[in-house]
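# Coordinates in review
One-letter residues, chain by chain:
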Amino acid sequence: MVVEVRLFATFREGRFKKSEVEVTEGGSVRDLLKHLQIEEKEVGILLVNGRNSSVESQLGADDVVSLFPLIGGG
Amino acid sequence: MVTKEERGLLKRVFPEKRSGELALQKAATIASRTKLPLRAVEWFALDTGICPSRYQRNIGAFGIEGQKRLLESKIVIVGLGGLGGCLLEELARAGVGEITAVDPDVFDETNLNRQLLATEEMVGAKKVDEAESRLKKVNRAVAFTGFSVSLEQVAESVWRDADLVFDCLDNIEGRFVLEERCSAADVALVHGAVAAWYGEVGVVWPGSGMLKKVYKGQGRGIEEDVGAVGFTAATAASLMAAKGAAILTGKITAKEQKMLYFDLLEDEWQTIEF
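Predicted model, so just to flag it, every value in this text is computed and none were measured. (Residues numbered from 1 in each chain as written. Chains lettered and ligands numbered in written order. Predicted model: local features only at pLDDT ≥ 70, side-chain atom pairs only at ≥ 80, totals over all residues. Heavy atoms only, no water.)

## What to know about the overall build of chain B
The line we're drawing: The way it works is that DSSP assigns letters per residue, a run of H or I at least four long becomes a helix, a run of E at least two long becomes a strand, and they are numbered from the N terminus. With the radius of gyration taken over C-alpha atoms, the globule rule is written as 2.2 Å times the number of residues to the power 0.38. Classification of residues uses two cut-offs on accessible area relative to the type maximum, computed with a 1.4 Å probe and protein chains only: under 20% is buried, over 50% is exposed, and between them is partly exposed. Any pair of residues with heavy atoms lying within 4.5 Å of one another is described as a contacting pair. Here Asp and Glu are counted as negative and Lys and Arg as positive; His is not counted, and neither are the chain ends. In this description, the location of a charge corresponds to atom NZ of lysine, CZ of arginine, CG of aspartate or CD of glutamate.
Assigned secondary structure in chain B consists of eleven helices and ten strands. Over its C-alpha trace chain B gives a radius of gyration of 19 Å, about what one expects of a compact globule, namely 19 Å for 274 residues. The principal-axis extent of the C-alpha atoms belonging to chain B is close to 60 × 45 × 40 Å. Taken across its 274 residues, chain B has 52% of its residues classed as buried. Within chain B, counting contacts between residues at least 6 apart in sequence, those at least 24 apart form 67% of the total. One way to put it: in chain B the 34 positive side-chain charges average out to a point 11 Å from where the 40 negative ones average out.

## Observations concerning the side chain of Ser208 of chain B
Residues and elements named next belong to chain B. Under the convention used in this document: Two N or O atoms count as a polar contact when they lie within 3.5 Å, although within protein this holds only if one can serve as hydrogen donor and the other as acceptor, and sequence-adjacent residues are included solely when both atoms are side-chain atoms.
In this structure, Ser208 sits in the loop between strand 8 (198-204) and helix 9 (210-215). Polar side-chain contacts of Ser208 include one of 2.8 Å to the backbone oxygen of Trp205. Excluding residues that lie within four positions of it along the chain, Ser208 makes contacts with Lys213 and Gln257.

## What to know about the interface of chain B and chain A
As a reminder of what qualifies: A 1.4 Å probe defines the accessible area here, and the buried area is the portion of it lost by two parts on being joined, summed over both. Salt-bridge detection follows one rule: a side-chain nitrogen of Lys or Arg within 4 Å of a carboxyl oxygen of Asp or Glu. We call Asp, Glu, Lys and Arg charged. Ala, Val, Leu, Ile, Met, Phe, Trp, Tyr, Cys and Pro are nonpolar, and the rest, Gly among them, are polar.
Between chain B and chain A, the residue contacts involve 33 residues of the former and 22 residues of the latter. Where chain B abuts chain A, roughly 2,100 Å² becomes buried across the two surfaces, and 59% of that area is made up of carbon and sulfur atoms. Three residues stand out in chain B for area buried against chain A, namely Lys216, Gln218 and Ile222 of chain B, and they jointly supply 24% of the buried area on that side. The tally of links from chain B across to chain A stands at three salt bridges. Taken together, the links from chain B to chain A amount to 16 residue pairs in polar contact (both at pLDDT 80 or more). Among the elements of the structure, helix 5 (82-94), helix 8 (172-184), strand 7 (189-195), strand 8, helix 9, helix 10 (223-226), strand 9 (258-263) and strand 10 (268-273) of chain B are those that each provide at least two residues to the side of chain B that touches chain A. Of the residues forming the side of chain B that touches chain A, the biggest block, four residues, is contributed by strand 10 of chain B. Class assignment for the residues of the side of chain B that touches chain A results in 15 nonpolar, six polar and twelve charged.

## Thoughts on the confidence of the model for chain B
Threshold: On a scale of 0 to 100, pLDDT captures the predictor's confidence in every residue.
Averaged over all residues, the pLDDT of chain B is 96; the fraction at 70 or higher stands at 98%. Interface scoring of the predicted complex returns ipTM 0.95; its pTM is 0.96.

## Some remarks on the pattern of salt bridges
Opposite charge on two side chains permits pairing when their charged atoms draw close. Residue and element names in this part refer to chain B. Inspection of the entire model under this criterion finds 19 salt bridges over all chains. Its salt-bridge partner being Arg220, residue Asp225 comes within 3.2 Å of it at the nearest N-O pair. You can call Arg220 partly exposed: its relative accessible area is 46%.

## A closer look at the nonpolar core
Residues and elements named next belong to chain B. Using the following cut-off: We call a set of buried residues a nonpolar core when its members are Ala, Val, Leu, Ile, Met, Phe, Trp, Tyr or Cys and they connect through side-chain atoms within 4.5 Å of each other.
One finds Ile75, Ile77, Leu87, Ile99 and Phe166 to be the most contacted residues of the largest nonpolar core, which totals 44 residues. For this core, the element with the highest residue contribution is helix 11 (residues 230-248), accounting for eight residues. Residues within four places of Ile77 in sequence aside, it is in contact with Gly84, Leu87, Leu88, Ile99, Thr100, Ala101, Val102, Phe166 and Cys168.

## Some thoughts on the packing of helix 1 (residues 4-13) of chain B against helix 2 (residues 24-34) of chain B
All names here are of chain B. So the rule is basically this: Convention adopted: a line fitted to C-alpha atoms gives each axis, helices being fitted over their contacting stretch, and angles between N-to-C directions are expressed from 0 to 180 degrees. We call two directions roughly parallel when the angle between them is under 35 degrees, roughly antiparallel when it is over 145, roughly perpendicular when it lies between 65 and 115, and oblique otherwise. With the far helix as reference, a near helix turned anticlockwise by less than a right angle produces a left-handed crossing, and one turned clockwise produces a right-handed crossing.
Between helix 1 and helix 2, the least distance of the axes is 11 Å, while the angle of their chain directions is 130 degrees. Looking at the two axes, helix 1 sits oblique to helix 2. Relative to helix 2, the crossing made by helix 1 is right-handed. Here helix 1 contributes Leu9, Leu10 and Val13 to the contact with helix 2, which in turn contributes Ile30, Arg33 and Thr34. Among the residues forming the contact of helix 1 with helix 2, the class breakdown is four nonpolar, one polar and one charged.

This is how it looks when you write it as structure tokens:
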């Protein structure tokens, strides 16, 4: 199945801004992160279809996943 | 803000005409004659329909009542770096009456790229000391207290007595501690964080645990790799100041769990709901 992935800030470097990504049926956000080579500990805000979610969230076809890195400077 | 006796005293020294403006020098003379704090004189002036000239351009945004509320407000700014230095300046000019700042650090050369309070001659000086001397130049009506300690060492009463706290820290772990302290003290926390071109700003209402949702318990932000620049910090600080002023003047009351994320390079502005 295909999900839409939106990356923000430094996650775009060497990847993309927005892309359709093929994931296995019933796969989770964690599986998607592995595919994108993003470590779990790098992920801050994580949205599935605009809602706050976790790496355990199961994905469905055409879901929109938004991934933001951790920002902590001042 | 002023007692009955103080009101009587101020009534005697104030001009008969209850309209127009109050010049800074006149306000200072009244404060000195009555031995009352300058901000009490300014508050009384507003209460009787006279606007201190220094706040004249604020009234369209805050109203007279809002300006009085700002003068009555007590805030705590945690961190006097890129976010905190800018926020301090903006809220002091807006007329927030009492500001407490917490920062254990001294200025170093890496601060010069973005921190409003950092100047070449201040390298090595305590940040809270420079904040105090800056406030004396910008708005001497502000009652300032500086704590050159880490936030863990700040007395519980400081959080409890605050109307609003501002998270201007430069690391994630401290932000979890601050969120807990503010939640325990039942005080709202205006959060801001930046890295390179990117930033986020939101209000953490007590008990919402929003920062835990934002950071997922992790401790290392991208700023450790990509740094932070002045215009991004100033943007986030101004957004925080606007949120703060809106809350303190009673213009925001709905306790929404929202975070504004921005990317100044791509000109992206996104509100995320939790």
